[in-house]
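Observations on chain architecture
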Amino acid sequence: MRRPLIRGSAVRPLALLALLFSVLVTTLVAPLAARADDDAVKGKTFVIATDTTFAPFEYRDESGNMTGIDIDLINKIAEMKGFTVDIKAVGFDAALQAVQSRQADGVIAGMSITDERKKIFDFSDPYFSSGVQMAVKDGSDITSYADLKGQTVVAKTGAEGLTFAESIADQYGFTVKALDKADTMYSEVTTGNAAAVFDDYPVLAYGISQGNGLKIVTPKEQGSNYGFAVLKGENADLLEAFNSGLAELRADGTYHDILVQYLGDNAPEDSSQQVEGVKGEAFVIATDTTFAPFEFRDASGNMTGIDVDLMKEVAERQGFDVEVKALGFDAALQAVQAGQADGVIAGMSITDERKKIFDFSDPYFDSGVQMAVAADDDSITGYADLEGKTVVAKTGAEGLAFAQSIADEYGFTVKALDKADTMYSEVQTGNAAAVFDDYPVLAYGISQGNGLKIVTPKEQGSSYGFAVLKDQNEDLLKAFNVGLQSMKEDGTYQQIMDKYLATGDTGDGSTSLSFWGLLAQSWPALMRGLGMTLAATALSLLFATVLGVIFGFFKVSGVWILKLLGSIYVDVFRGTPLLVQAFFFYFGLPAATGLKIDVFVAGVLTLSLNAGAYMTEIVRGGIQNVDTGQMEASRSLGLNWMQSMRKIIVPQALKIMTPSAINQFVITLKDTSLLAVLGLAELTYQGQQIIARTFRSFEMWLIIGAIYFVVIFALTKLSNALDRRINK
C-alpha cells in the first residue's frame, strides 16, 4: 500500500506555518511596499497648477488664500503622504500649458477626463462625477432648451458645458459663445448679453447660493469625471500617491466631509458607507428580457448589459447577493408588486405616475427618444411625413408616451408592442412606417444590423431609475444609491457606459456570422432551452395524468358530489386562457398570500392543471365509450364496480384514450412556449434572448421552428408506435 507523502498529523503544523507566513507578509511586507511608494514623494515639493475662478473647486477666500474642493483634496493628500505642494492659480488653459511646458508637476482644476486629454496627460482615479445644467437670469421666462431658438448662450472654454451646448445648438437653433471665466459668463447672462449659461452643476449651484442672480431651469445632464493629471509618462510617483491618498480619504470619510463643506445639500451620498440592512442578504431583481444594451443575453446565455452590470457591481460593493430574473418589462413590474422580486431595473423611466407605486433611486441614466425608419425608406424624414400611417413603440416606454403626445398633431396611429425586436420587424416588413424608441436602444440595434436608420434628432427624455415597491426595501434602495455614487466617483460607472454605448458591440461578432455560424453560436443556449421545455412537459404530463385519472373517475362515478367537483375543475381550467392561469399562479397568488413561487414551479403547476382538465375529459370519454354492455356483463358475472372497471372497462378504455392522450402530449409541449412571458428559460424564451442580442429574427425563428418540428415529429412517431402496440 502506498504511504502518504505527508501524514495527516503533519499537515496541521505545516498549514499553521503557511498561515503564519501569510499573516506576516500581510502585516509586514504590504505596509513596507506602501511605505516605499510614499517614500518616492516624501519630503519633495511639487508645483500644482489650477484654475483661478471655478468655485467651489478652486477660488480665493476673503483672506486671499486659495481654497475649494480641489485645493483641500491636494493639500490633505500631500499632508498624508509627506510631501508639500506649491499651488499656482493661473487659469484653466494656462494650467494645462504649465504642465505641458513642465512649469508645473500636475494640474487639479475640475478637469474632465476625456480620451483627447488622455493623449497628453496621465489621469488619477476620478475624484468627482459631474454633470451639466442650464441656468438663466432669475425672472427669465426661459424654461427649456426649446426656448433658446435664435438666442446666444455662454459656456466655459474647455469645459463640459461648452461641449454639451455645442452638441444641441443646431437642434434648438441657438448660438454658443465660449468664455474663459465663470464670473464673466454669469455677468453675460445677468446683463442680458446671453440668454443662458451651461456649466457644471456644482459650480452653478455654488454661484446661485452666493447670489449671482441666476436660476437653474433644466435637469442635470449626465457628465464625465474629474481627475488630477500629470504630463504623460512623467511624475508617476505623484500620481500613485494621489490615488493612494484619495482612497484613504474616501475610506475614512474625509473626502465626503470636504464635499459637504463646499456643496452642502448638493453633496452626493457618502460612497464609503456600507448599508448594514443589506449586508449578507440575497435579493431578487426583476428586469426586462429584450432591451439591449441595458439588458440582454450574451452568446453564452448569461444576462448582461448596463443595468445588469450596474446592479451586480452595487451588490458586490455593498456585500449582498443578487439574482437577476429576466421577465419582460410589464412582468418585471408585476413581479415587484406581487412580492416575487425585491426590485426592478429595466431602463425604467422615473415618472410621477410610477412614483405612486414605486420608490426610485437616484437617476442613473438620462435618456431621450428618437424616430427610426427602414434603412431603404427615403420617403419619411420627419414627423410630418407620418400622416395616415402607423408607427410602433414599446409598451410602457418613453417612446410610446412621446409618440402618443404628437400623434394627433401629425395625424398618425400608434401601436404598442412588448418587445424591441418585434417593433423593428414591424418596420422592416412595412407593417409600420416608423418606430419611436430610446436613443441608446435604437443606436445599439442599428449597430447590430437591424435594418433601420434614425431620421429625427433626440427629443428631451426622462431619467432611468432602479425601483422598489413603495415604502419597502428602503435599505436596498439606499445601498443602490451609495453604490452608484461610488461607481461614479471612481470611474466604474463611466467604464460600464463606454463598454456598451461607445461601440454598441457585444464582442461576440454575431452581426457578421453566417447562418451556420449563428446556429453554432446559439446551439448551447437553444439546447438548454429545449431541455427546460422537455422537463416542464414531462413533469406537467405526469401530474396532468394523475389529475385526469382522479377527476375522470369522479365524473363517471355516479356520486353527485364527485361529479360536481370534476365538472367544476374541468370548466374552470378549460374555460380560462392558459396565459391568464400562468399570470395568476406566478403574480396573483403570491400577491394575495405573500408566498413566493419559483417560475419553474409556477409553469409546471399551470401546465399540469390546464392539461389535467383535458386529460379528465379524455379519461371520461374513454370510459364512457366502452360499450355499456361490458359493465353489465361483468357485474352479472359477480364482479363489483371496482373489479369491473379494473379488469374489463379500463383496459378497453385505455386503447380508446391513447390517440387523444398523444395529442394532448404534443399540445402541452407546444404550450410551454407561452411560459416565456414569465421568464421560464425554455426554447422560445432562449430564442427571444438571442434575437434581442443579434436582431436576426428570421434565421432564429426558422431554427427554433425546425427544433420544435423535429422534436414533436420524433415524439409523435414514437407515440404512434406505442399506440399501434397497445391497439394491435
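All values reported here derive from a predicted model rather than from experimental measurement.

Looking at the UniProt feature "transmembrane region" (unreviewed entry) in the protein chain
This chain's UniProt record puts "transmembrane region" (unreviewed entry) on residues 530-554 and 698-716. In this annotation, residues 530-554 is assigned 100% helix and 0% strand; the end-to-end C-alpha distance for the span is 35 Å. Split by type, residues 698-716 is 100% helix and 0% strand. Its first and last C-alpha atoms lie 27 Å apart.

As for unusual backbone geometry
It is generally the case that most residues other than glycine have a negative phi and that most peptide bonds are trans. In this model, Ala55 is joined to Pro56 through a cis peptide bond whose omega is 10 degrees. Summarising the element assignment, Pro56 is placed in the loop between β1 (45-50) and β2 (59-60). For the peptide bond that leads from Ala292 to Pro293, omega is 10 degrees, which places it in the cis range. Looking at the element boundaries, Pro293 is found in the loop between β14 (282-287) and β15 (296-297). Even without being a glycine, Arg102 presents a positive backbone phi close to 65 degrees. Mapped onto the secondary structure, Arg102 falls in the loop between α3 (92-100) and β5 (106-107).

Focus: helix α20 (residues 578-593)
Look at α20: 21 Å from first C-alpha to last across 16 residues, which is about the 22 Å you get at 1.5 Å a residue. Most pronounced at Phe584, the bend in α20 amounts to some 40 degrees. When α20 is considered as a whole, its buried residues turn out to be Leu578, Gln581, Ala582, Phe585, Tyr586, Phe587 and Pro590.

Some thoughts on the pattern of salt bridges
In this structure the tally under the stated criterion is 16 salt bridges. A salt bridge links Arg102 to Glu234, with the nearest nitrogen and oxygen atoms 2.6 Å apart. One end of the pair, Arg102, is in the loop between α3 and β5; the other, Glu234, is in the loop between β13 (229-231) and α8 (236-252), and 132 residues separate them in sequence. A relative accessible area of 26% places Glu234 in the partly exposed class. Across the pair Arg620 and Glu617 runs a salt bridge, and its minimum N-O distance is 3.0 Å.

Looking at the side chain of Asn610
Inspection of the secondary structure assignment puts Asn610 in helix α21 (residues 599-624). Discounting chain neighbours no more than four positions away, the residues touching Asn610 are Phe573, Thr576, Leu578 and Gln581.

Cut-offs and rules
- Residues numbered from 1 in each chain as written.
- Predicted model: local features only at pLDDT ≥ 70, side-chain atom pairs only at ≥ 80, totals over all residues.
- Heavy atoms only, no water.
- UniProt positions renumbered as here; feature names shortened; annotations may be inferred.
- Helix = DSSP H or I, 4+ residues; strand = E, 2+ residues; numbered from the N terminus.
- Expected span 1.5 Å × (residues − 1).
- Bend = angle between axes of the 7 residues up to and from the residue.
- Buried < 20%, exposed > 50% of the residue type's maximum accessible area, 1.4 Å probe, protein only.
- Salt bridge = Lys/Arg side-chain N within 4 Å of Asp/Glu carboxyl O.
- Contact = heavy atoms within 4.5 Å.

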